[in-house]
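# What the coordinates show
Given next are the chains, with one letter for each unit.
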Amino acid sequence: DQSVVDPAVTATADDIAAMRIRGAATIADAAAAALATQAERSDAATPAAFERDLRAGARELYETRPTAVSLPNALRYVLRGMEGETVSALRSSTIDAAETFRAELEQAQSKLGEIGANRLRDGDVVMTHCHSTDALACIEAALESGTAVEAIIKETRPRKQGHITAQRLRELGVPVTLIVDNAARRYLDETDHVLVGADSIAADGSVINKIGTSGLAVNARERGVPVMVAAQTIKLHPDTMTGQTVAIEMRAETEVLSADERTAIGGDADEMPPLRVENPAFDVTPPRYVDAIVTERGQFPPESIVTLMRELFGETTAEPWDG
Ligand code: RUB
């Protein structure tokens, strides 16, 4: 393979894989920005070489993490915008597509925030899981319109993204209570809304989000607390319309158990088979536990999200980075 991938793309891919860049919307934005940088800097001699290199860059980004569909949706958007007969036309159309994508992403998030804020009432207590910029946009919009809320924040083991949520909400002046994940059911008694984001939404309305979301949603239903999912339409997973399932990323054991901890509990003791540790990063919440999916196009019951998906994505075709 003769393709040349810009170091900026490789660096972004490494940052996504290592979760220095994380969260579905942020990943999509970074991937589009990386393709724009490659387009800007490419010294491909022919249009064919330019396109081949951009596709190779997109493939490198695509292969970082499997669950957030915002990533392939972003890559598809930028590569489909790559048009022209000359290198310079290809370059400018690719950069334009990436910029348009990034601007739309930001607009969608603030529009979604305004819609989501309508569900919140003054004095409400919101329980969050992980760190979602789409979910936080709803709280931010509520605060801007003078609706005061409080937050109960789940720590979110093993990576503790709840700390990021706590920091952001404190910066916005929201009273925050941080709890361990295991305390969630107890604190649902004091909660008015569960508010989470999504990495992917399937055609049947299932929500794929940080591991622990599904247990939280089941407990919330049992407690009568509504579950609100804040997800821009780039979180809609088009392949699920034709029956594909969403791949759940399995991450390293060391995020859960250090090498020393493994030794201390006899994880590799001679007389036994080695200890198995599993670390799925995401889970699937069935639609019956979700009250509303809030997008920039309005609020939907999960069962009707497929209508929006058909309208926005139509039939799926081969991926532009394959081939
Ligand atoms: C992040 C996560 C977030 C969604 C939505 O997982 O599950 O809830 O990505 O985030 P990880 P956003 O930390 O493993 O990437 O609303 O910002 O797109």
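Residues numbered from 1 in each chain as written. Predicted model: local features only at pLDDT ≥ 70, side-chain atom pairs only at ≥ 80, totals over all residues.

All right, on to the site of the ligand then. The local shell around the ligand holds 18 residues, among which Ala 25, Ser 132, Thr 133, Asp 134 and Gly 197 are the closest. For the shell around the ligand, the secondary structure elements donating two or more residues are α2 (24-41), α6 (133-144) and β6 (207-210). (Near = placed C-beta within 6 Å. Helix = DSSP H or I, 4+ residues; strand = E, 2+ residues; numbered from the N terminus.)

Turning next to the confidence of the model for the chain. Scored by pLDDT, the chain has a mean of 97; 98% of the residues are at 70 or more. Per-element confidence in the chain is highest for strand β4 (residues 193-196), whose mean pLDDT is 99, and lowest for helix α11 (residues 305-313), whose mean pLDDT is 95. (pLDDT = per-residue confidence, 0-100.)

Here we come to the sheet that holds strand β5 (residues 200-201). The three strands are arranged β5-β6-β8 in an open sheet whose pairing can be described as antiparallel. Every other strand in the sheet has two partners, leaving β5 and β8 (282-285) as the edge strands with one partner each. As paired strands, β5 and β6 are joined by two bridges and run antiparallel to one another. Paired with Ile 201 across the bridge in β6 is Val 207. (Pairing = 2+ DSSP bridges.)

Hydrogen bonding along the main chain pairs the strands of a sheet, whether they run parallel or antiparallel. Taken in spatial order, the seven strands of this open sheet run β3-β2-β1-β4-β7-β9-β10, and their pairing is mixed. The sheet is open, and its two borders are formed by β3 (176-179) and β10 (298-300), each paired with just one other strand. Direction aside, neighbouring strands of the sheet carry axes that sit 25° apart on average. Inspection of the sheet shows strand β1 (residues 125-128) paired to strand β2 (residues 150-154) by four bridges, in the parallel sense. Residue pairing across strands places Met 127 opposite Ile 152, the latter belonging to β2. Against the sheet, helix α5 (residues 87-117) touches β7 (227-230), β9 (292-295) and β10, its axis set at about 140° to β9. Its contacts with the sheet put α6 on β1, β4, β7 and β9, and the angle it makes with β7 is roughly 110°. (Axes fitted to C-alpha atoms, helices over the stretch in contact; angles between N-to-C directions. Contact = placed C-beta atoms within 7 Å.)

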